[in-house]
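Summary of structural features
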Amino acid sequence: NEALYVVSGRRVNLLQLRKLVADGVDANVNQKVLIRGDKLALHGNVANAVAACRDGGVTQANIGYDYVPVE
C-alpha cells in the first residue's frame, strides 16, 4: 500500500513529491521544506518524504512536530 503525501492540498506519491520539490528548487534555489505528519504517520514514511525532498534538491528539509510531554 503506497503512502500518499499532501502538498498544498494536493495528494501525491513520492515520485510526484520529488518532482514538485525539484520544480520548486528550480524556481528558488534556496527553497526550504517543512514536513509534518499526524499522529498516525509512520517514521519510514516521514523519512521517505525527507529523502524525496533531498533528492529533489532541497538542502534544508525540516520536520515539524507538536511536543507533548510524557507524564
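Scroll up to find the structure this text is about.
None of the values given here were measured: they were computed from a predicted structure.

1. What about the pattern of salt bridges?
Tallied over the full model, the rule gives one salt bridge. Taking the shortest distance from any N to any O, the salt bridge between Lys 19 and Asp 23 comes out at 2.8 Å. In this pair, Lys 19 and Asp 23 both sit in helix H1 (residues 14-27), four residues apart, roughly one turn of the helix.

2. Things to note about helix H2 (residues 43-55)
Spanning 13 residues, H2 covers 18 Å between terminal C-alpha atoms, matching the ideal 18 Å at 1.5 Å per step. Taken together, the buried positions of H2 are occupied by Val 46, Ala 49, Val 50, Ala 52 and Cys 53. Projected onto a plane normal to the axis of H2, the buried residues spread over an arc of 160° and lie on a single side. More than 90 degrees from the buried face of H2, the exposed residues found are His 43 and Asp 55. Looking at the buried positions of H2, the neighbouring elements they touch are strand S1 (5-7), H1, strand S3 (32-36) and strand S4 (60-64). The first or second residue beyond H2 is Gly 57, which carries a positive phi of 105°.

3. Focus: H1
One turn of an α-helix holds 3.6 residues; hence residues three or four places apart share an orientation. Here H1 spans 20 Å end to end across 14 residues, near enough to the 20 Å set by a 1.5 Å rise per residue. Contacts from the buried residues of H1 go to S1, strand S2 (10-12) and H2.

4. Let's talk about the side chain of Asn 13
The residue Asn 13 is located in the loop between S2 and H1 in this model. Taking relative accessible area as the criterion, Asn 13 reaches 18% and is therefore assigned buried. Among the polar contacts made by the side chain of Asn 13, one reaches the main-chain amide nitrogen of Leu 15 at a distance of 3.1 Å. What Asn 13 contacts, discounting residues up to four positions off in sequence, is Glu 2, Ala 3, Leu 4 and Tyr 5.

5. Considerations on the layout of surface pockets
Size it by volume and the largest pocket reaches roughly 760 Å³. For the lining of the largest pocket, the elements supplying multiple residues, two or more each, are S1, H1, S3 and H2. Among the elements that make up the lining of the largest pocket, the one with the highest residue count is S3 (five residues). A class-by-class count of the residues in the lining of the largest pocket yields 18 nonpolar, five polar and four charged. Taken as a whole, the second largest pocket spans an internal volume of roughly 220 Å³. As for the second largest pocket, its lining consists of Arg 36, Gly 37, Asp 38, Ala 41, Leu 42, His 43, Val 46, Ile 63, Gly 64, Tyr 65 and Asp 66. Looking at the lining of the second largest pocket, the elements that each hand over two or more residues are H2 and S4.

Cut-off values and rules
- Residues numbered from 1 in each chain as written.
- Predicted model: local features only at pLDDT ≥ 70, side-chain atom pairs only at ≥ 80, totals over all residues.
- Heavy atoms only, no water.
- Salt bridge = Lys/Arg side-chain N within 4 Å of Asp/Glu carboxyl O.
- Helix = DSSP H or I, 4+ residues; strand = E, 2+ residues; numbered from the N terminus.
- Expected span 1.5 Å × (residues − 1).
- Buried < 20%, exposed > 50% of the residue type's maximum accessible area, 1.4 Å probe, protein only.
- Arc of directions from axis to C-beta.
- Contact = heavy atoms within 4.5 Å.
- Polar contact = N/O pair within 3.5 Å; in protein donor to acceptor, adjacent residues only side chain to side chain.
- 1 Å grid on protein atoms, 1.4 Å probe; cavity = no way out; pocket = protein on both sides within 12 Å on 5 of 7 lines; lining within 4 Å.
- Points joined across faces, edges and corners; volume = space filled by probe spheres on them.
- Nonpolar A, V, L, I, M, F, W, Y, C, P; charged D, E, K, R; others polar.

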